[in-house]
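Take a look at the letters that make up each chain.
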Amino acid sequence: MQIKLKDGLLVGDERITELTLRKITTGDLLDSEVAAEQVKLTAQGHQLIASSAVMSAELYRRSVAKIGDLDGPLSMGQLKSLSIVDYDLLRKKYNELNNPIIDEVAENSAEGR
């Protein structure tokens with residue numbers, strides 16, 4: 001899926017606005033889960049806790065197949081450097097690509113009104 005970023009990603013002196021997303025794989029999902037886990041001190045002692053925010057960000061960055069002529073995925077630093085507008089666009093397009101059932105349910109719900 002091709003996306004045209006509004007603000008783009010600055011790579012060196014070049015501002016890249018063309019981004020290609022791909023569907024995530026089981027490997028992406030598993031790697032994202034591992035990356036989202038952190039050891040935290042809790043009342044019960046040290047425990048492995050997963051951050052849903054980090055998990056989502058890991059999935060978004062891994063779904064980038066290309067940005068301009070550069071192969072993906074995005075690094076976490078590159079993802080963090082996107083403007084809010086571009087990050088929101090990436091999230092929406094990621095969901096469209098990886099969660100087609102959401103659109104189908106929305107369409108069916110709208111038809112019933």
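This one's a predicted model, so the numbers in the text were calculated from it and none came from an experiment.

Asker: Help me out: how do you make sense of the overall build of the protein chain in this one?
Answerer: Across its full length, the protein chain carries 5 helices and 6 strands. Order of helices (α) and strands (β) in the protein chain, N terminus to C terminus: β-β-α-β-β-α-β-β-α-α-α. Burial statistics for the protein chain: of 113 residues in total, 27% are counted as buried. The long-range fraction of contacts in the protein chain, counting pairs at least 24 apart against all pairs at least 6 apart in sequence, stands at 52%.

Asker: Which parts of the structure should I look at to understand the sheet that holds strand 2 (residues 14-21)?
Answerer: The pairing of strands in a sheet comes from backbone hydrogen bonds and takes either a parallel or an antiparallel form. Spatially, 4 strands are ordered 1-2-5-6 in an open sheet, and the strand pairing comes out antiparallel. Looking at strand neighbours, the two that pair on one side only are strand 1 (2-11) and strand 6 (70-71), the edges of this open sheet. As paired elements, strand 2 and strand 5 (residues 64-67) share 3 bridges and run antiparallel to each other. Following the sheet pairing, T20 is matched in strand 5 by K66. Packing against the sheet, helix 4 (residues 84-98) makes contact with strand 1, strand 2 and strand 5, and its axis sits at approximately 140° to strand 1.

Asker: I'm lost on the pattern of salt bridges in this one. Help?
Answerer: Charged atoms that come close allow side chains of opposite charge to pair. Applying the stated criterion to the full structure yields 8 salt bridges. With its nearest N and O atoms 2.9 Å apart, the salt bridge here joins R62 to E58. A residue pair is termed a helical-turn pair when its members lie 3 or 4 positions apart in one helix, as R62 and E58 do in helix 2 (residues 52-62) at 4 residues. As far as burial versus exposure is concerned, R62 and E58 are alike and both buried. Note that K93 and E96 form a salt bridge whose closest N and O atoms lie 3.6 Å from each other. Here E96 and K93 lie together in helix 4, a separation of 3 residues that amounts to about one turn. Overall, E96 belongs to the partly exposed group, its relative accessible area being 36%. The network of salt bridges with shared partners includes E58, R61 and R62.

Asker: Whenever I open this one, the side chain of T17 confuses me. Can you help?
Answerer: Examined against the element boundaries, T17 turns out to sit in strand 2. Side chain to side chain, T17 and K4 meet in a polar contact 3.2 Å long. Excluding residues within four positions of it along the chain, T17 makes contact with I3, K4, L5 and G8.

Cut-off values and rules
Residues numbered from 1 in each chain as written. Predicted model: local features only at pLDDT ≥ 70, side-chain atom pairs only at ≥ 80, totals over all residues. Heavy atoms only, no water. Helix = DSSP H or I, 4+ residues; strand = E, 2+ residues; numbered from the N terminus. Buried < 20%, exposed > 50% of the residue type's maximum accessible area, 1.4 Å probe, protein only. Contact = heavy atoms within 4.5 Å. Pairing = 2+ DSSP bridges. Axes fitted to C-alpha atoms, helices over the stretch in contact; angles between N-to-C directions. Salt bridge = Lys/Arg side-chain N within 4 Å of Asp/Glu carboxyl O. Polar contact = N/O pair within 3.5 Å; in protein donor to acceptor, adjacent residues only side chain to side chain.

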